[in-house]
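For reference, the chains in residue letters:
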Amino acid sequence: MSGRDRISELPESLLTQILSYLLTKESVQTSVLSKRWENLWLSVPSLDFNCSVFPYDADQVLFTFLDKLSPELTLSKVKVKCRDMMIDGFMDRLGTVIDRGTQHLDVESSTDYNDDSVGVILPCVEFMPMNLYTSRTLVYLKLSSSGLSDPGFVFMPCLRFMHLEEVKWRVHLDKVLSGCPVLEELTLLRDLDDDYAVTYDEFTVMRVRSQSLKRFHVLPLRQVRDCRPRVKCTLEIDAPGLEYMSLGEDQFDSIVVKNLTSLLVVELDIKFVLGFGMQFDTWNLPKRTEISEFLNGISSVRDMIISAKTVQALHRYSQVGMIPKFNNLSRLEAVFHSYLLQFMPAFLECCPNLKHLVLKVLHSEEMEEGFELTDVPRCVSSTLECVEIHEKLEWEEGKMKATSYFLGNSAVLKKLILSPTAYNPRDVVESEIYDKVNKLAKRSPGCEVIIRAMEEEVVIN
């Protein structure tokens, strides 16, 4: 009984499902296990192929594999990564695979073509097959560095997730989205050096228009750039059903938002201007108007996460414009450089109903001597119930500015949390923690202070 092969006795449908979680190369290798496994890989309903694994004959290996499959087999999940080489004829084969009913498609295309006749590597664009735009089975689509032509007609009735990284656009984004009636999630990473877009200025606007869209992400760039892109582009978002929006980096010259009436969560890591280390010109009236309209357009949000660069941009804007009230905001997560902590009360004044604040302070050890937080916004005195502080705690007298500020001014504070990154517990004994925190005045007598050490959690009532 101990030598019995119980796995091989499982039904073929279950075995092929197990094999579908492996890379295609690994799935094929199981054919040597026994007679039972010899042809199982031919019935696996997925393809996961990385061309870099076959540096010299990837095209032959891929086409041989596809030719061996039964014409009746539906490859429900297809993932092909060919970033380092272009395979002639692959897109035609991919079109055939799509027609068989693929539901999950993930393609990373090559951006270079090796011209053997002259011995040089030339830039290239691999355009997706035209039947992609009318697939009635696709649910998930991810494209990286691929080209999208204008098909004339788009209808993907089941597509719910679309992920597009550095796509070469020959069709307008809003035309593609108009043919996706149930799309729920869209992720974009703009190609800042698309030669076609440089030549044809009709691609200077990317419009995200959708009635069904619920989540929208702009990913950070793959590498830091110290120069502006060669073509200007505006991002326009019009999605009344959108609930979550994440803008991961400045990739657009301007951002326009419309009808974001359902927005619940927004995550911002932008400074409203392109270029590494650049700040927007406060004397630029059109830019100030753009920022004002953007902030008003997201002012109904309930949960906001903002990076240090966004806080800095908001501080600059506050010197020439008025930040709107975020009356629905109940949770805020923000990163402040220590030199901008003076701006924190003014910003919190725009969040009159805030209940939960997560505050990360950068370089608190560089805080100027004599620095004090004096203004107390409405939310601090009347609505704030939980504050979590991430900073390097300075245990000397008078150094715990943010901690003492919220403990001393928050009338209804129920919990204040000092995070694991706030200090190194090996440098501070437990008795010192109790003593230092207990010396801080608490306006809310029922406030519980929680110190999350690296290995333990200290609670002070």
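Here the structure is a predicted model, which means the values were calculated and not measured.

S.K.: I'd like a rundown of the overall build of the protein chain, residues and numbers included.
M.R.: When its secondary structure is counted, the protein chain shows 12 helices and 23 strands. Each of the 461 residues in the protein chain was classed as buried or not, and the buried ones make up 48%. Partitioning the intrachain contacts of the protein chain with sequence separation of at least 6 by distance along the chain shows that 67% fall at a separation of at least 24. Working note: accessible area of the protein chain is about 22600 Å², and carbon and sulfur atoms make up 50% of it.

S.K.: Lay out unusual backbone geometry with the relevant residues and their values.
M.R.: Leave glycine aside and you will find that most residues have negative phi; peptide bonds, for their part, are mostly trans. A positive phi angle is found at Asn-259, which is not glycine, with a value near 55°. With respect to the secondary-structure elements, Asn-259 resides in the loop between strand E15 (254-258) and strand E16 (265-268). The exposure class of Asn-259 is partly exposed, given its relative accessible area of 45%.

S.K.: Summarise the sheet that holds E15; cite the residues concerned and give the values.
M.R.: Pairing within the open sheet is parallel, and its 3 strands lie in the order E11-E13-E15. Each edge of the sheet is formed by a strand with only one pairing partner; in this case those strands are strand E11 (205-209) and E15. Direction aside, neighbouring strands of the sheet carry axes that sit 10° apart on average.

S.K.: Run through the pattern of salt bridges, naming residues and quoting values.
M.R.: In total, this model carries 13 salt bridges according to the counting rule given. A salt bridge links Arg-215 to Glu-184; its shortest N-O distance comes to 3.7 Å. Of this pair, Arg-215 sits in strand E12 (residues 215-218) while Glu-184 sits in the loop between helix H5 (173-178) and strand E10 (185-189), and the two are 31 residues apart along the sequence. Among the ionic pairs, Arg-331 bridges to Asp-303, the shortest N-O distance being 3.4 Å. Residue Arg-331 is found in strand E18 (residues 331-337), and its partner Asp-303 is found in strand E17 (residues 303-306); the two are separated by 28 residues along the sequence. On the accessibility criterion, Arg-331 (23% relative accessible area) is partly exposed. The class for Asp-303 is buried, based on a relative accessible area of 18%.

S.K.: Could you give an account of the environment of Lys-271, with specific residues and numbers?
M.R.: Within the secondary structure layout, Lys-271 lies in the loop between E16 and helix H7 (285-297). Considered as a pair, Lys-271 and Asp-250 are 21 residues apart in the sequence and their alpha carbons are 6.8 Å apart. In terms of polar contacts, Lys-271 uses its side chain to reach the backbone carbonyl oxygen of Val-273, at 2.9 Å.

S.K.: Outline the pairing of strand E6 (residues 140-144), listing residues and values.
M.R.: Strand direction decides the pairing type here: strand E3 (residues 104-108) and E6, joined by 5 bridges, are parallel. In the strand pairing of E6, Leu-105 is matched with Leu-141. The pairing of E6 with strand E8 (residues 161-165) spans 5 bridges and is parallel. When the bridges of E8 are listed, Leu-141 appears paired with Met-162.

S.K.: Can you lay out the environment of Leu-295 for me, pointing to particular residues and giving the numbers?
M.R.: Here Leu-295 shows up in helix H7. Using a relative accessible area of 3% as the deciding quantity, one classes Leu-295 as buried. With 29 residues separating them in the primary sequence, Leu-295 and Pro-324 have C-alpha atoms 6.8 Å apart. Among residues more than four places away in sequence, those in contact with Leu-295 are Leu-314, Tyr-317, Pro-324 and Phe-326.

S.K.: Explain the environment of His-217 to me, and be specific about the residues and the numbers.
M.R.: Checked against the element boundaries, His-217 lands in strand E12. Overall, His-217 belongs to the buried group, its relative accessible area being 17%. The sequence separation of His-217 and Leu-247 amounts to 30 residues, and the corresponding C-alpha distance is 6.0 Å. Ignoring any residue separated from it by four or fewer positions in sequence, one finds His-217 in contact with Glu-185, Leu-186, Thr-187, Leu-188, Tyr-244 and Ser-246. Polar side-chain contacts of His-217 include one of 3.3 Å to the side chain of Glu-185.

S.K.: Before we move on, can you summarise the packing of aromatic side chains with the specific residues and values?
M.R.: Under the counting rule described, the total for this entry stands at 4 aromatic pairs. Measuring from centroid to centroid gives 5.6 Å for Phe-272 and Phe-294, while their planes differ by 75°, and the two rings are edge-to-face. On the criterion of sequence distance, the pair formed by Phe-272 in the loop between E16 and H7 and Phe-294 in helix H7 is long-range, its members being 22 residues apart. Relative to Phe-406, the ring of Tyr-405 lies with its centre 5.1 Å away and its plane at 80°, an arrangement referred to as edge-to-face. With respect to burial, Tyr-405 and Phe-406 carry one shared label: buried. The ring of Phe-280 carries Arg-316 above its face, with NZ or CZ at 5.5 Å from the centroid.

S.K.: How would you sum up helix H8 (residues 308-318)? Please name residues and give values.
M.R.: Those residues of H8 that fall on the buried side of the exposure criterion are Ala-308, Thr-310, Val-311, Ala-313, Leu-314 and Tyr-317. Residues of H8 that are buried sit in contact with E16, H7, E17, E18, helix H9 (344-348) and strand E19 (356-362).

S.K.: Summarise the confidence of the model for the protein chain; cite the residues concerned and give the values.
M.R.: Mean pLDDT for the protein chain: 82, with 75% of residues reaching 70 or above. At the level of individual helices and strands, the protein chain shows its lowest average pLDDT in strand E23 (residues 457-460), which scores 56, and its highest in E17, which scores 98.

S.K.: Account for H7, with residues named and values stated.
M.R.: With 13 residues, H7 ought to run about 18 Å at 1.5 Å a step, and its terminal C-alpha atoms sit 18 Å apart, in line with that. Among the residues of H7, Lys-287, Glu-290, Ile-291, Phe-294 and Leu-295 are the ones counted as buried. Along the axis of H7, the buried residues cluster in a sector spanning 125°; they form a single face. Exposed residues lying more than 90 degrees from the buried face of H7 are Leu-285, Pro-286 and Glu-293. The inward-facing, buried residues of H7 contact strand E14 (244-247), E15, E16 and H8. Regarding H7, its N-cap is Asn-284, as a side-chain oxygen of that residue lies 3.2 Å from the backbone nitrogen of Lys-287 further along.

S.K.: Would you mind going over the state of the cysteines in detail, with residue names and values included?
M.R.: Applying the stated criterion across every chain yields a total of 0 disulfides. Between Cys-351, a free cysteine, and Cys-379, which holds the nearest cysteine sulfur, the sulfur-to-sulfur gap is 6.2 Å. You can see Cys-447 has no disulfide; the closest cysteine sulfur is in Cys-386, sitting 8.9 Å from it. Residue class for Cys-447 comes out buried when judged on its relative accessible area of 1%.

So, how was this worked out
- Residues numbered from 1 in each chain as written.
- Predicted model: local features only at pLDDT ≥ 70, side-chain atom pairs only at ≥ 80, totals over all residues.
- Heavy atoms only, no water.
- Helix = DSSP H or I, 4+ residues; strand = E, 2+ residues; numbered from the N terminus.
- Buried < 20%, exposed > 50% of the residue type's maximum accessible area, 1.4 Å probe, protein only.
- Contact = heavy atoms within 4.5 Å.
- Areas by Shrake-Rupley, 256 points an atom, 1.4 Å probe, with all protein chains shown as cover.
- Pairing = 2+ DSSP bridges.
- Axes fitted to C-alpha atoms, helices over the stretch in contact; angles between N-to-C directions.
- Salt bridge = Lys/Arg side-chain N within 4 Å of Asp/Glu carboxyl O.
- Polar contact = N/O pair within 3.5 Å; in protein donor to acceptor, adjacent residues only side chain to side chain.
- Phe/Tyr/Trp six-rings, centres within 6.5 Å; stacked < 30°, edge-to-face > 60°.
- Lys NZ or Arg CZ within 6 Å of the ring centre and 35° of its normal.
- pLDDT = per-residue confidence, 0-100.
- Expected span 1.5 Å × (residues − 1).
- Arc of directions from axis to C-beta.
- Disulfide = S-S within 2.5 Å.

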